[in-house]
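Observations on the three-dimensional arrangement
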Amino acid sequence: MEDCLFCKIVEKELPSYIIYENDKILAFLDIKPITNGHTLVIPKKHSTDMTEMSDEEASELINKAKELIPKIVKAVGAKGANFATNCKSESGQDVFHTHFHIIPRWDQKELPPWPHSNPSKEELAEVKNNIVSFLKE
Ligand code: 5GP
Ligand code: ZN
């Protein structure tokens, strides 16, 4: 897709530090890593975020990431990893070509924890009922 940064990386029109490639998937280092070894795993075929991918394409991408995570963790000498994807700008997505972040971790204190809230049982039940009714549509 024209003017898509990651499509340009796929086409090798822009340089990147590629760690893995096959005919459908590319994995390369994040240029501004959150931790050492921070890797982005992307489909070569453009989609804006993972909700646009076919089940088969999404499965292949996640399976490849699943394979890469322990290898990257071992390579950089980490203890674990965060595995995440952002969908839509409100969630923090900046590059609108599907990508999964693999962020090696050594210690919980490296990054701020997610700010958890403390809803009542009634509030949780209301949210649950709302989502379940949408799932039935
Ligand atoms: P998002 O916020 O969309 O989930 O993540 C986009 C990621 O892409 C960010 O972590 C950012 O550092 C990374 N990024 C942005 N531009 C480039 C680039 O030109 N090359 C590489 N390798 N990573 C990039
Ligand atoms: Zn793209």
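Per chain, the residues get numbers from 1 upward, laid out in the order the sequence is written. For this description, chains carry letters from A and ligands carry numbers from 1, given in the order in which they are written. At least 70 in pLDDT is required for a residue's local features to be given in this predicted model, at least 80 for side-chain atom pairs to be given and counted, and no such filter applies to totals for whole chains, interfaces and linings, which use all residues. No hydrogens and no water enter the side-chain calculation; it runs on all heavy atoms of the structure.

1. Observations regarding the overall build of the protein chain
Quick reminder of the rule: Strands are runs of DSSP state E lasting at least 2 residues, helices are runs of H or I lasting at least 4, and numbering of each runs from the N terminus. Working definition: with a 1.4 Å probe on protein chains only, accessible area under 20% of the residue-type maximum means buried, over 50% means exposed, and in between means partly exposed. Only heavy atoms enter the contact rule, under which two residues are in contact if any of them lie within 4.5 Å. Lys and Arg are tallied as positive, Asp and Glu as negative. Neither His nor the chain termini are counted. Every charge is mapped to an atom, namely NZ of Lys, CZ of Arg, CG of Asp or CD of Glu.
When you go through the protein chain residue by residue, the secondary structure sums to three helices and five strands. Seen in sequence order, the protein chain has helices and strands lined up from the N terminus as α-β-β-β-α-β-β-α. Along the three orthogonal principal directions, the C-alpha set of the protein chain runs to about 50 × 35 × 25 Å. Relative to its full complement of 137 residues, the protein chain shows a buried share of 29%. Once local pairs closer than 6 in sequence are excluded, the contacts in the protein chain between residues at least 24 apart make up 53%. Across the protein chain, the mean location of the 17 positive side-chain charges is 8 Å away from that of the 22 negative side-chain charges.

2. Section: unusual backbone geometry
In this structure, D3 is a non-glycine residue whose phi angle is positive, near 65°. Examined against the element boundaries, D3 turns out to sit in the segment before α1 (5–10). In this structure D3 comes out as exposed when scored by relative accessible area, which is 66%. A positive phi angle is found at K88, which is not glycine, with a value near 85°. Tracing the backbone shows K88 in the loop between β4 (80–84) and β5 (100–105).

3. Some thoughts on the environment of I62
The topology assignment puts I62 in helix α2 (residues 55–76). The exposure class assigned to I62 is partly exposed, which follows from its relative accessible area of 32%. Those residues in contact with I62 that lie beyond four places of it in its chain are M50 and F100.

4. Some points on the site of ligand 1
Rule in force here: For each residue, the test is whether any non-hydrogen atom lies within 4 Å of the molecule or strand; if one does, the residue is near. Definition of a polar contact: a pair of N or O atoms within 3.5 Å, with one able to donate and the other able to accept a hydrogen when the atoms are protein atoms, and with sequence-neighbouring residues admitted only if both atoms are side-chain atoms. Areas reported as accessible are Shrake-Rupley estimates using a 1.4 Å probe. Residue values count occlusion only from the protein chains shown. As a working rule, the residues Ala, Val, Leu, Ile, Met, Phe, Trp, Tyr, Cys and Pro are called nonpolar, Asp, Glu, Lys and Arg charged, and the rest polar, with Gly in that last group.
Ligand 1 sits among 16 residues. The nearest are D30, N86, D94, H99 and H101. A distance of 2.9 Å is found between a nitrogen atom of ligand 1 and a backbone nitrogen or oxygen belonging to L29. The separation between an oxygen atom of ligand 1 and a polar main-chain atom of G92 is 2.9 Å. For ligand 1, whose free accessible area comes to 520 Å², the fraction covered by protein is 81%. Elements that contribute at least two residues to the shell around ligand 1 include exactly α1 and β2 (25–29). Among the residues forming the shell around ligand 1, the class breakdown is eight nonpolar, five polar and three charged.

5. So, the sheet that holds strand β3 (residues 39–43)
Note the cut-off: By the convention used here, strands pair only if DSSP detects at least 2 bridges between them. Angular values range over 0 to 180 degrees, each being the angle between N-to-C directions of two axes fitted as lines to C-alpha atoms, with helices fitted over their stretch in contact.
Spatially, β1-β2-β3-β5-β4 is the arrangement adopted by the five strands of the open sheet, whose pairing is antiparallel. Each having just a single partner strand, β1 (18–21) and β4 make up the two edges of the open sheet. Here the average twist between neighbouring strands, direction ignored, is 20°. Pairing between β4 and β5: five bridges, direction antiparallel. The residue of β5 that forms the bridge with N82 is I103. Sheet strands in contact with α2 are β1, β2, β3, β4 and β5, and its direction is about 25° off that of β5.

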